[in-house]
Amino acid sequence: MLGKMDEFLNKLDLTIRFMKNTDKKFISTYIKSQFKALENIYNGSPYILSTYYFPSELACIYDVEVIYIERLVGLAVGMNMLDKDTTTPLHHGICSYQKAFLKLIEQKIIPKPQMIIAVRYPCKDAVKLCDYLHNTYKIPIFYLSLRQLRKDLEDVHDYLSSQYQVIEDIKDVVRRSNAAHDLKKTIDHYRMQYPGIIRSDDCLKIFPIENDFGKDSATYVLKGLLSCIEKNISTYQKDNKPTICWMGLIPLSDNNMLTKIEKYTHCKFVYEEMWMFGDYKLYQDNFFDALTEKIKQSLFYNTHRRIHKIHDMMRQTHTEIVINLSHHNCSFLPQTIHQFKAYFEQKGITFYNISCDVVYEKFDSHSIMNSINKHVPYIGGENKDACLHLK
Ligand code: SF4
């Protein structure tokens with residue numbers, strides 16, 4: 001292992017050790033599973049590169065590491081491994097998560113994958129990166145499409161079984177995935193009952209834990225989070241601060257931004273759209289049907305359902321404001337904003353849309369703080385139905 005790879009592992013190791021000595025050991029556990037995968041890869045193990053919605057329960061069956069594009073980019077930016085140069089051979093308008101992953105390969109921060117799995121859902125840009133890597137480096141690729149999802153899942157399973165040793169029994173994977181699902185459900189029950197019991201920033205740091213469901217690491221992380229929440233219950237006090245739901249991503253280089261905003265404004269972030277995952281159960285007998293259903297019930301599959309799920313969560317947590325961060329050049333999420341805007345306006349809910357490039361830019365959080373400070377006296381008061389700035 002040389003240079004940049006060493007640097008990446010060292011930085012991760014330092015963060016793991018630091019977090020271990022805080023009351024947020026679950027974040028340390030979360031990073032540790034990524035650290036181990038990278039260490040294996042740097043020591044010569046092959047890996048499969050995958051887009052976000054390839055089911056982790058399938059990925060963990062074989063004796064091969066699976067790296068999810070956006071998750072690795074999040075980790076690399078958090079560890080300050082990316083330089084500022086954004087030029088790549090990819091189309092200039094492509095999502096910066098994909099540009100950043102290509103940079104990681106070009107700068108040898110991660111070796112090239114042995115194989116690629118590209119799910120044609122929900123975004124096109126991740127598939128474009130996969131196409132580019134496939135064409136440029138002649139890396140074998142397997143596509144999964146929504147049209148014949150179940151068949152594609154079975155086919156990819158057959159293919160992977162022929163290429164890699166099967167090391168996990170489906171029944172064990174199903175048991176662990178369902179255990180993670182149950183833990184997440186309990187966590188959400190408490191988050192509804194005690195809004196703000198856990199920091200939104202912390203949930204946003206670990207939401208890609210969804211890509212570990214089926215592994216022990218997912219249950220360890222969620223158990224750690226649950227135990228933090230349970231410790232906080234005895235001292236929980238409901239305050240009268242206006243509550244906010246955070247939609248979209250968060251700038252990767254400032255993953256404590258919401259905590260800072262809370263410190264300087266009279267508000268509390270209580271739930272995050274990206275944390276709305278895991279609402280499914282798996283069954284051993286019809287594993288592939290259940291995996292198909294897992295993808296089809298995911299939040300971004302249907303915008304109408306997504307709006308109603310978010311509103312439902314807001315009702316349960318008595319949330320008054322929604323702030324949405326649109327990632328520049330995202331080929332998918334910003335197109336849905338007008339539907340949210342129209343829906344929330346009609347319901348008299350404050351909806352505030354902001355934008356930045358979460359991978360390469362720092363967001364000036366003062367603009368949100370100013371808006372919240374300026375309007376908070378009205379929220380919950382006579383002008384409760386007033387709508388904040390909509391960009
Ligand atoms: S931010 Fe948008 S374009 Fe980028 S990976 Fe996510 S869904 Fe795809």
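What counts and how
- Residues numbered from 1 in each chain as written.
- Predicted model: local features only at pLDDT ≥ 70, side-chain atom pairs only at ≥ 80, totals over all residues.
- Helix = DSSP H or I, 4+ residues; strand = E, 2+ residues; numbered from the N terminus.
- Expected span 1.5 Å × (residues − 1).
- Buried ≥ 20, exposed ≤ 12 C-beta atoms within 10 Å, placed from the backbone.
- Arc of directions from axis to C-beta.
- Contact = placed C-beta atoms within 7 Å.
- pLDDT = per-residue confidence, 0-100.
- Near = placed C-beta within 6 Å.
- Nonpolar A, V, L, I, M, F, W, Y, C, P; charged D, E, K, R; others polar.

Q: I tried to follow helix H13 (residues 303-317) on my own but got confused; where do I start?
A: Because an α-helix completes one turn every 3.6 residues, residues spaced three or four positions apart along the sequence face the same direction. The end-to-end C-alpha separation of H13 is 21 Å, in line with the 21 Å expected for 15 residues at 1.5 Å each. Buried residues of H13: Ile310, Met313, Met314 and Thr317, and no others. Down the axis, H13 shows its buried residues gathered within 105 degrees of arc, on one side only. Facing away from the buried surface of H13 by more than 90 degrees, the exposed residues are His304, His308, Asp312 and Arg315. In this structure, the buried side of H13 is in contact with helix H8 (170-193), strand E5 (243-248) and strand E6 (268-272).

Q: Sorry if this is basic, but what is going on with the confidence of the model for the protein here?
A: If pLDDT is low for a region, its predicted coordinates should not be looked at in detail. Averaged over all residues, the pLDDT of the protein is 92; the fraction at 70 or higher stands at 95%. Low pLDDT (under 50) marks residues 380-391, which in the prediction has 20 contacts with non-local residues, meaning those over four places away or in another chain.

Q: I tried to follow the site of the ligand on my own but got confused; where do I start?
A: In the region of the ligand, the neighbouring residues are Glu70, Cys95, Tyr97, Pro122, Cys123, Asp125, Ala126, His327, Cys330, Ser331, Phe332 and Leu333. Here the shell around the ligand is composed, by residue class, of eight nonpolar, two polar and two charged.

Q: For this particular structure, what's the right way to read the environment of His189?
A: Mapped onto the elements, His189 comes out in helix H8. Under the C-beta neighbour-count criterion, His189 is labelled exposed, with 12 such atoms within 10 Å. Taking the C-alpha atoms as reference, His189 lies 19 Å from Ser298; in sequence the two are 109 residues apart.

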